[in-house]
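Chain by chain, the residues run as shown.
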Amino acid sequence: MTTGAGADSPADDHLPHLLGLDRAGLESLLDGWGESRFRAAQILQWIHARQVVDPAEMTNIGKGLRARLLAETSLQEPEIVADHLAGDGTRKWVLGLPDGNAIETVFIPEEDRGTLCVSSQVGCSLACSFCATGAQGLSRNLETHEIVSQIRIARRHLGLDAISNVVFMGMGEPLLNLRQVLPAIRLLLDDFAYGLSARRVTVSTAGVLPGLAQLGRETPVNLAISLHATRDEIRNELVPVNRHYPIAELLAACRAYPLPPRRRITFEYVMLDGINDADVHARELVRILQGIPALVNLIPFNPFQGAGYRRSSPVRIDAFRNIVLGSGMMTVTRKTRGEDIAAACGQLAGQVQNGRRSLPLRPA
Ligand code: SAH
């Protein structure tokens, strides 16, 4: 779907994307136009909170400014290539980008919340061995407007109140694209845009440490760490970025992380049969997380074509969980959702063109 401002203009691609501007970005655009900055909040409210697709509908904004928004900015969104609904209510959109790439966005309804899982890159460079996205390499970073569009499109289909939580757990490594992810987070938290509380936004990372420090400095959102192993020799295989940022350094960074009061860091741990799921690993996990306000999230492995792993048995997962729980550490086992439409963790593949598998360790 192509909507809104400048959609008819052949030069659309070169116009600034209105959906990619956070409040400060919008204020500086307005400044440059000699307009009052306080219009920024009104414009944010129209395009995000109220979801208008055409500046002509922004009735509290003067005609001159509306015309300028229409002519000189773009409200273009990715095109919906596919819309899948799973038996359990999980919904997945495949969104086509103008360069031929496609990304995936997943909505997971639960009794007490509705979580949208968004992508931050087209593909991923980190090549985790148990992840379908990692198998494809990285094509490029998403732009802020492409991240925000995922939320906007989902809200349009689900209703304005359906999304209570947003997690950066789709395709990509958000900490390698902070330049584009941070403005998107600011829009999620802005009362005039999506108005989510920081507790309801989670960034998940495989442990890119320079990005982790920056995230902590710049935003109070929740942090999830894809740990998956308790020893470097296992984690080097599962999460190759571990060769650059080994477990001890990662956990030191977690201990130093400026965690808001009463908050925990989530540690994701994928349960792989015979690889990382023994009792001894559970005991090691408890030991290495000592002193960190932690929530352990056990994720049953989700298979995909060509994956060389098997999911741990339910009995094994329970035994592992009981050891961690028995130590007094908060532990949950993630329910597998949307498997019948390949929407579960690690199954998002999209359409990644010219994927590269280098390990760019600095945020772009
Ligand atoms: N790059 C980020 C966010 C994307 S992955 C990160 O690594 O955290 C979101 C979560 O799904 C991560 O914990 C990831 O390790 C996990 N995951 C990836 N593939 C999986 C699979 N096949 N089965 C279960 N979980 C998987």
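From a predicted model like this one, the values you see are computed outputs, not experimental measurements. (Residues numbered from 1 in each chain as written. Predicted model: local features only at pLDDT ≥ 70, side-chain atom pairs only at ≥ 80, totals over all residues. Heavy atoms only, no water.)

Trainee: Would you mind going over the overall build of the chain with me for this structure?
Mentor: Tallying secondary structure elements over the chain gives ten helices and twelve strands in all. Viewed in the frame of its principal axes, the chain has a C-alpha envelope of about 70 × 40 × 40 Å. Looking at the chain as a whole, 56% of its 364 residues qualify as buried. Put simply, 69% of the contacts in the chain that link residues at least 6 apart link residues at least 24 apart. Accessible surface, the chain as shown: approximately 15,000 Å² in total, 50% of it carbon and sulfur. Separation between the mean location of the 38 positive side-chain charges and that of the 38 negative ones in the chain comes to 5 Å. (Helix = DSSP H or I, 4+ residues; strand = E, 2+ residues; numbered from the N terminus. Buried < 20%, exposed > 50% of the residue type's maximum accessible area, 1.4 Å probe, protein only. Contact = heavy atoms within 4.5 Å. Areas by Shrake-Rupley, 256 points an atom, 1.4 Å probe, with all protein chains shown as cover. Lys, Arg positive; Asp, Glu negative; His and termini not counted. Charge placed at Lys NZ, Arg CZ, Asp CG, Glu CD.)

Trainee: Please explain the pairing of strand 12 (residues 330–333) as it appears in this structure.
Mentor: Remember that side chains alternate between the two faces of the sheet whenever the strand is regular. Pairing of strand 11 (residues 294–300) with strand 12, which is carried by four bridges, proceeds in the parallel orientation. Across the sheet, the residue bridging to asparagine 297 is valine 332, located in strand 12. In this view, the connection linking strand 11 to its parallel neighbour strand 12 by way of helix 10 (residues 314–326) has right-handed handedness. (Pairing = 2+ DSSP bridges. Right-handed = clockwise from strand over helix to strand, strands pointing away.)

Trainee: Can you help me understand the nonpolar core in this one?
Mentor: Most often, soluble globular proteins have nonpolar side chains that are buried together. In terms of nonpolar packing, the biggest core is built from 106 residues, with Phe130, Phe168, Leu215, Phe267 and Leu289 touching the most fellow members. Counting residues per element, this core draws most heavily on helix 5 (residues 178–189), which supplies seven residues. Other than its neighbours up to four places away in sequence, leucine 215 contacts Leu175, Leu178, Leu182, Ile185, Val203, Val221, Leu223 and Tyr257. (Core = buried A, V, L, I, M, F, W, Y, C linked by side-chain atoms within 4.5 Å.)

Trainee: Would you mind showing me how to read the packing of aromatic side chains here?
Mentor: Pairs of aromatic rings are described using the distance from one ring centre to the other and the angle between the two planes. Taken as a whole, this structure holds three aromatic pairs when the rule is applied. Between phenylalanine 301 and tyrosine 309 the ring centres are 6.1 Å apart and the planes differ by 75°, which places this aromatic pair in the edge-to-face class. Three or more aromatic residues joined by ring pairs make a cluster, and in this case those are Phe301, Phe304 and Tyr309. Positioned above the aromatic ring of tryptophan 46, the side-chain terminus of arginine 50 is 4.5 Å from the ring centre. (Phe/Tyr/Trp six-rings, centres within 6.5 Å; stacked < 30°, edge-to-face > 60°. Lys NZ or Arg CZ within 6 Å of the ring centre and 35° of its normal.)

Trainee: Help me out: how do you make sense of the state of the cysteines in this one?
Mentor: What makes a disulfide is a covalent bond joining the sulfur atoms belonging to two cysteines. Applying the stated criterion to the full structure yields zero disulfides. Considering cysteine sulfurs only, cysteine 345 is the nearest to cysteine 117, which forms no disulfide, with 7.0 Å between them. You can call cysteine 117 buried: its relative accessible area is 10%. Left unpaired, cysteine 124 is separated from the closest cysteine sulfur, that of cysteine 128, by 6.4 Å. According to the relative accessible area criterion, cysteine 124 is buried, its value standing at 10%. (Disulfide = S-S within 2.5 Å.)

Trainee: Help me understand the side chain of asparagine 236 in this model?
Mentor: By the element assignment, asparagine 236 lies in helix 7 (residues 232–238). Within the structure, the side chain of asparagine 236 is placed 2.8 Å from the side chain of asparagine 242, a separation counted as a polar contact. Each residue touching asparagine 236, except ones within four places of it in the same chain, is listed here: Asn242 and Arg243. (Polar contact = N/O pair within 3.5 Å; in protein donor to acceptor, adjacent residues only side chain to side chain.)

Trainee: Any chance you could explain the site of the ligand here in plain terms?
Mentor: With respect to spatial proximity, 20 residues lie near the ligand, and among them Phe130, Ser204, Ser226, His228 and Asn302 are the closest. Here glutamate 173 contributes a side-chain N or O atom positioned 3.2 Å from a nitrogen atom of the ligand. Take glutamate 268: an N or O atom from its side chain is 3.2 Å from an oxygen atom of the ligand. Calculation on the ligand without its partners gives an accessible area of 530 Å², and the protein chains cover 95% of this total. At the level of elements, strand 8 (201–205), strand 10 (265–271) and strand 11 are the ones that each hand at least two residues to the shell around the ligand. Taken together, the residues that form the shell around the ligand break down as ten nonpolar, eight polar and two charged. (Near = heavy atom within 4 Å. Nonpolar A, V, L, I, M, F, W, Y, C, P; charged D, E, K, R; others polar.)

Trainee: Is there a simple way to think about the environment of proline 98 in this case?
Mentor: On the secondary structure map, proline 98 appears in the loop between strand 2 (91–96) and strand 3 (102–109). When the C-alpha positions of proline 98 and isoleucine 299 are compared, they lie 34 Å apart, and in sequence the two are 201 residues distant.

Trainee: Help me understand the sheet that holds strand 11, please; the structure alone is not making it clear to me.
Mentor: Hydrogen bonds between backbone groups are what pair the strands of a sheet, and the pairing can be parallel or antiparallel. Taking strand neighbours across the sheet as the criterion, the ten strands line up as 1-2-3-4-7-8-9-10-11-12 in an open arrangement whose pairing is mixed. Edge positions in the sheet fall to strand 1 (79–85) and strand 12, since each has one partner strand and no second. Averaged over all pairs of adjacent strands, the angle between strand axes in this sheet comes to 20°, irrespective of strand direction. By the bridge criterion, three bridges tie strand 9 (residues 222–226) to strand 10 in an arrangement that is parallel. (Axes fitted to C-alpha atoms, helices over the stretch in contact; angles between N-to-C directions.)

Trainee: Explanation requested: the packing of helix 4 (residues 144–158) against helix 5 in the structure shown.
Mentor: Each packed pair of helices is defined by two parameters, the angle between the axes and the distance between the axes. One way to put it is that helix 4 packs onto helix 5 with a least axis distance of 8 Å and a crossing angle of 40°. With respect to each other, helix 4 and helix 5 are oriented oblique. Relative to helix 5, helix 4 is oriented so that their crossing is right-handed. Along its contact with helix 4, which presents Thr144, Ile147, Val148 and Ile151, the element helix 5 presents Arg179, Gln180, Val181, Pro183, Ala184, Leu187 and Leu188. Along the lines of polarity and charge, the residues of the contact of helix 4 with helix 5 split into eight nonpolar, two polar and one charged. (Parallel < 35°, antiparallel > 145°, perpendicular 65-115°, else oblique. Left-handed = near helix turned anticlockwise from the far one by under 90°.)

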